[in-house]
Amino acid sequence: MKLYRTGNGTYLEHDGSYYRVPEHSWDALVTHNDLRGYLQSILRHSKPVADLLPANIQAPIGNQEVWAAGVTYYRSRSARMEESKSAGGGDFYDRVYTAERPELFFKATASRVAGPGSHVRIRTDAKWNVPEPELTLLINHRGQIIGYTVGNDMSSRDIEGENPLYLPQAKVYDRSCALGPCILISSEPLPTSTPIRIEIVRSGVAAFSADTTLAELKRAPATLVEYLFRDNNFPFGAFLMTGTGIVPPDSFTLASGDRIRITIDPIGTLENDVIQGS
Ligand code: DO4
Ligand code: MG
């Protein structure tokens, strides 16, 4: 089952058919006592409606905060050690990769999140920028994983590389995060064979593509959630991006007009065009 938030209400997809969800509040769905049971009763009692219009699909977020985990894949550790070498910060990335406590950071509020088909942004004061394709967990207010979506943790490598203390500026700004296109409703962990793919298209030509799988993710999603919810309340639930296993080569930087496509089967594809400035 997949949940889509649209300009015209929420829709449930099951076996290729779409059903209207009577509950109007996204926050009420995320904090529902038995979301799966509620959605199954919709399938039992209502008739499918016409297909969704893709242009109408919005980011699947209400009042949830978006948090992110860092350096959870070996590739992220190595790329960050390299980019911060001359600033003397490289050692920290190796230490956090092997430490018991994960790196968790605040990523975005809903107003900073781009939905499918809309723009993600490069900071005006950044010169070296990449998308980070990340499996993203939707967690309810009780700390239970209720679903999964595709996330893009846009990052300014020159700013983070200059000094690790600049991380919030490298990571948190308007449209620095994209989520969507839907929530795959499942409380079961996704198989470790689940692929994460990215393709960046520039002027109609593939400028970069790569893939990884969840087998490369060093930490269990449930452990990341347990740390996030330590001494923290999330009355509307939260999103947690689980880190990137793909970093383009150092010679690559995003440009205005690039199209980013991130696919995680069985969730779907999140597609966004890039702009720099307003
Ligand atoms: O340590 C900085 C951020 C790491 C990150 O965003 C990632 O590994 O995905
Ligand atoms: Mg990241």
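Let us look at the structure shown here.

The rules behind each value
- Residues numbered from 1 in each chain as written.
- Chains lettered and ligands numbered in written order.
- Predicted model: local features only at pLDDT ≥ 70, side-chain atom pairs only at ≥ 80, totals over all residues.
- Heavy atoms only, no water.
- Phe/Tyr/Trp six-rings, centres within 6.5 Å; stacked < 30°, edge-to-face > 60°.
- Helix = DSSP H or I, 4+ residues; strand = E, 2+ residues; numbered from the N terminus.
- Buried < 20%, exposed > 50% of the residue type's maximum accessible area, 1.4 Å probe, protein only.
- Lys NZ or Arg CZ within 6 Å of the ring centre and 35° of its normal.

On to the packing of aromatic side chains, then. Applying the stated criterion across every chain, the model contains 6 aromatic pairs. Geometrically, the ring pair formed by Trp 67 and Phe 106 is edge-to-face, given 5.6 Å between the ring centres and 85° between the ring planes. Residue Trp 67 is found in strand β4 (residues 65–70), and its partner Phe 106 is found in strand β5 (residues 103–108); the two are separated by 39 residues along the sequence. Looking at Trp 67, the relative accessible area reads 17%, which means it is buried. Taken together, a centroid distance of 5.7 Å and an interplanar angle of 75° make the contact between Tyr 74 and Tyr 97 edge-to-face. With Tyr 74 in helix α3 (residues 74–83) and Tyr 97 in helix α4 (residues 90–98), this pair connects stretches of sequence that are 23 residues apart. The class of Tyr 97 is buried, set by a relative accessible area of 14%. Grouped by ring-pair contacts, the aromatic residues Trp 67, Phe 106, Phe 229 and Phe 234 constitute a single cluster. Taking NZ or CZ as reference, Arg 230 lies 4.0 Å from the ring centre of Tyr 227, over its face.

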